[in-house]
Amino acid sequence: MANIIDGVKYTKEHEWVKVEDDIAVEGLTDYAQSELSDIVMVEPPAKGRTVKAGEAVGTIEAVKAVADLYAALSGDVVEINEKVIADPSIINKDPYGEGWLYKIKMADPEELTNLLTPDQYKELIAKH
Amino acid sequence: MPKKTPFYEKIKEHNGKIVEFAGFLMPVQFEGIIPEHLTVRTTVGVFDVSHMGEIEIRGKDRIVFTNYITTNNVEKLALNQVQYSAMLYPDAGIVDDLLVYNLEDRILLVVNAANTDKDHNWIVENKKFDVDIVNVSDNIGQVAIQGPRSEPVMQKLFDIDLSQIQFYWATETQLNEIPVVLSRTGYTGEDGFEVYVDRTNAPKVWDMVFEAGKDVGIKPIGLGARDTLRFEMRYCLYGNDIDKTTNPLEAGLGWIVKLDKDDFIGKESLLKIKEEGLKRKLVGFEVINKGIPRPHMDIYIDDQKIGAATSGTFAPSLKKGIGLGYVALPYDKVGTRFKVAGKNPIDVEVTKGPFYKHGTRK
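Keep in mind that this is a model prediction, so the values were computed, not measured. (Residues numbered from 1 in each chain as written. Chains lettered and ligands numbered in written order. Predicted model: local features only at pLDDT ≥ 70, side-chain atom pairs only at ≥ 80, totals over all residues. Heavy atoms only, no water.)

1. Examining the environment of B:L237
Short version of the rule: Where helices and strands are cited, they refer to DSSP runs of H or I of at least four residues and of E of at least two residues respectively, numbered from the N terminus. Contact criterion: two residues are considered in contact whenever any of their non-hydrogen atoms come within 4.5 Å of each other.
If you trace the backbone, B:L237 turns up in the loop between α7 (223–232) and α8 (267–276). Non-local contacts of B:L237, meaning those with residues more than four positions away in its chain, are made with B:Y187, B:D227, B:R230 and B:I242.

2. Some thoughts on the domain arrangement of chain B
All names here are of chain B. Let me state the cut-off plainly: Domain segmentation is taken from an automatic or database assignment of domains. Summed over both partners, the accessible area lost on bringing two parts together, with a 1.4 Å probe, is the buried area. Each reported salt bridge corresponds to a side-chain nitrogen of Lys or Arg within 4 Å of a carboxyl oxygen of Asp or Glu. By the criterion applied in these results, polar contacts are pairs of N or O atoms within 3.5 Å in which, for protein atoms, one can donate a hydrogen and the other can accept it, and in which residues neighboring in sequence qualify only through two side-chain atoms.
Domain parsing of chain B yields domain 1 (3–50 + 138–232) and domain 2 (279–351). The straight-line distance from the C-alpha centre of domain 1 to that of domain 2 is 32 Å. Taken together, the contacts link eight residues of domain 1 with 11 residues of domain 2. Where domain 1 abuts domain 2, roughly 730 Å² becomes buried across the two surfaces, and 72% of that area is made up of carbon and sulfur atoms. Our count for the domain 1 to domain 2 interface comes out at zero salt bridges. Where domain 1 packs against domain 2, one counts four residue pairs in polar contact (both at pLDDT 80 or more). Contributions of two or more residues to the side of domain 1 that touches domain 2 are made by α2 (33–42) and α7.

3. Structural notes on the pairing of strand β9 (residues 102–106) of chain A
All names here are of chain A. Put simply, the rule is: Think of it in three bands: residues with accessible area under 20% of the maximum for their type are buried, residues over 50% are exposed, and the middle band is partly exposed, with areas taken using a 1.4 Å probe on protein chains only. Pairs of strands are assigned from DSSP output, requiring at least two bridges between the strands.
Along β9, four of the five residues are buried, which leaves the element largely enclosed by surrounding structure. Of the strand pairs in this sheet, strand β3 (residues 23–28) and β9 are connected by four bridges, and their pairing is antiparallel. Residue E26 lies in a different strand from β9, and its bridge partner there is Y102. Looking at chain direction, strand β8 (residues 75–80) and β9 are connected through five bridges and run antiparallel. Residue D76 lies in a different strand from β9, and its bridge partner there is K105.

4. Some words on empty space enclosed by the protein
Residues and elements named next belong to chain B. We apply this condition: Residues are called lining when one of their atoms sits within 4 Å of a cavity or pocket point, these points coming from a 1 Å grid over the protein atoms alone, where a cavity is a set in which a 1.4 Å probe fits but cannot get out and a pocket is an open set with protein on both sides within 12 Å along at least five of seven lines. Grid points are joined across faces, edges and corners, and a volume is the space filled by probe spheres set on the points. By the convention adopted, Pro, Cys, Tyr, Trp, Phe, Met, Ile, Leu, Val and Ala count as nonpolar, Lys, Arg, Asp and Glu as charged, and the other residues, Gly among them, as polar.
What the rule picks out here adds up to one cavity of 30 Å³ or more. In this structure, the largest cavity spans a volume of roughly 40 Å³. T5, P6, F24, S50, S137, D138, I140 and R199 are the residues that line the largest cavity. Here the lining of the largest cavity is composed, by residue class, of three nonpolar, three polar and two charged.

As C-alpha cells, then:
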C-alpha cells in the first residue's frame, strides 16, 4: 500500500507539494515511485525557469518506464535537488524527504486550493 | 481468467509484485529490477518460468519431423543435448524461437509463453511422419536458477556431478526422488540451470533450491530483471525483436539456420532472401550521452528515417541506455551513429555482440 503523508498537498499527476512560506517544494509521491520502480534518470526543470501549473516541465526515466513531470504550481524554479540528479534511486528510497525534486517561488498561492488533500489523493489512487 | 503457475503461492510469500503476462499471473519484480539484476550477475537468483510452453514430440520419426519444422539441425543433437532454434512460416517469418531438447524417448520443445497454443496448432497442422505431438505445458513447472554461484548451490541437491553437464546439455534425473529434467541453460548470460518438474512437485523443488542457496543470498527474480538480463546479452525477445514479419537472417539468427540440411519449413524463402540480399538488419546500439531508447521509437540519420527500435531499456550492469532495432543497410555497421527519436533525440552508436561482456556464459 502506497504511503500518503499528511502536511503536503497532491496532484492528479502524482506529485506532492509542501509549502514553506512563499516557496513550494515538489516531489514524486510514494505511489508514483513504486509504480515506476527503479528510477535511473531525472530531469527537473532548470533553475531560473518560469513554469506554469499543469505544464510538462521534466522527465523521469525508470528502467522500464518513462514519465513526464508536471508542475503542480506556477512560479520560478529557485532550486533543484542535485543529489537526486546524481542518484535518482533516492526518489525510490525516500520520495517525501531526500527525494524532493525542485523548489519554486510561487507566483499565485491561490493555486494551492486546486490541489488534492491527502484524503482526496488516497481516493484517487484507490481507483487505480 | 489468467492462469497461476505452480509457484504462485511461493511468489506471494516472497511479496512479488504480480502482473498478468501472456495469460499468467507472474511476478514482475520483488525488491526491484536493478538489485535483482545484480543478484543474478553476482551470485544466484531464481526465476519462475513456468509460463513457458512445453511441447513433446514422441514417436519414431521425432527427429526427422522436428528437423522439418525447425531451422537448426536436430540430427546433429546427441542424446540429452539442447539446441536453440526457430520455427518459420513458409515465407520465413518467425513462428517462434525455442529450445529443442533431445531426450531419451522424446523431443521436448520449450516455447514462448504467449505462443504456446499458436505453436502447438502450427506443429499439429504441419504434422508428417510417425509422431505424436503433446502440449504438456499445463502439467509442468519450470524454474531457472541463474548466476555465477548456481553450480555450488545446485550441487547440494543432486548426487550426480553437475560439473559434467556442459552448457546446453540436459539430464533426466531425480531431486530427492522427484523426477526432473535438468539442463544447463538460461536466458541471462550467466551460468545456470533450468529444472522442469511436474506441477504437483514443483513447490517442493522451489523450497529445496532456496534452502540450498540460503548461504549465498539466493533471491527470487521477476520478469523485469529477466528482460534486462537477456537484453544485456543481446538475446532476441519474440514479440519485440522477432516475429512473423521478421526473418531469422535479418535478425542475426543465421547461426541457428542450417540451409544445408534437408527441407524445412521456410527454407525456400530463406534461400531466395539470401540470394536477393538483406534490406535491413537487427542491430544493437548504446546511448552515447544520455537518454533511454524505448520500443517503437523511430531511428534517424539526419532527417531520413532508417528504422525503428524493437527493444530499449536502461542496462543495470552498464548503467546506460541500450537498444535493439532494425535499420536499413548499410547503417548496420559497427560504429555507425544515429538518432533514436524520443522526446529529445537520443544519440546512439551501433555496437557488436553482447552489451555486457563479462557474463559467465555467452
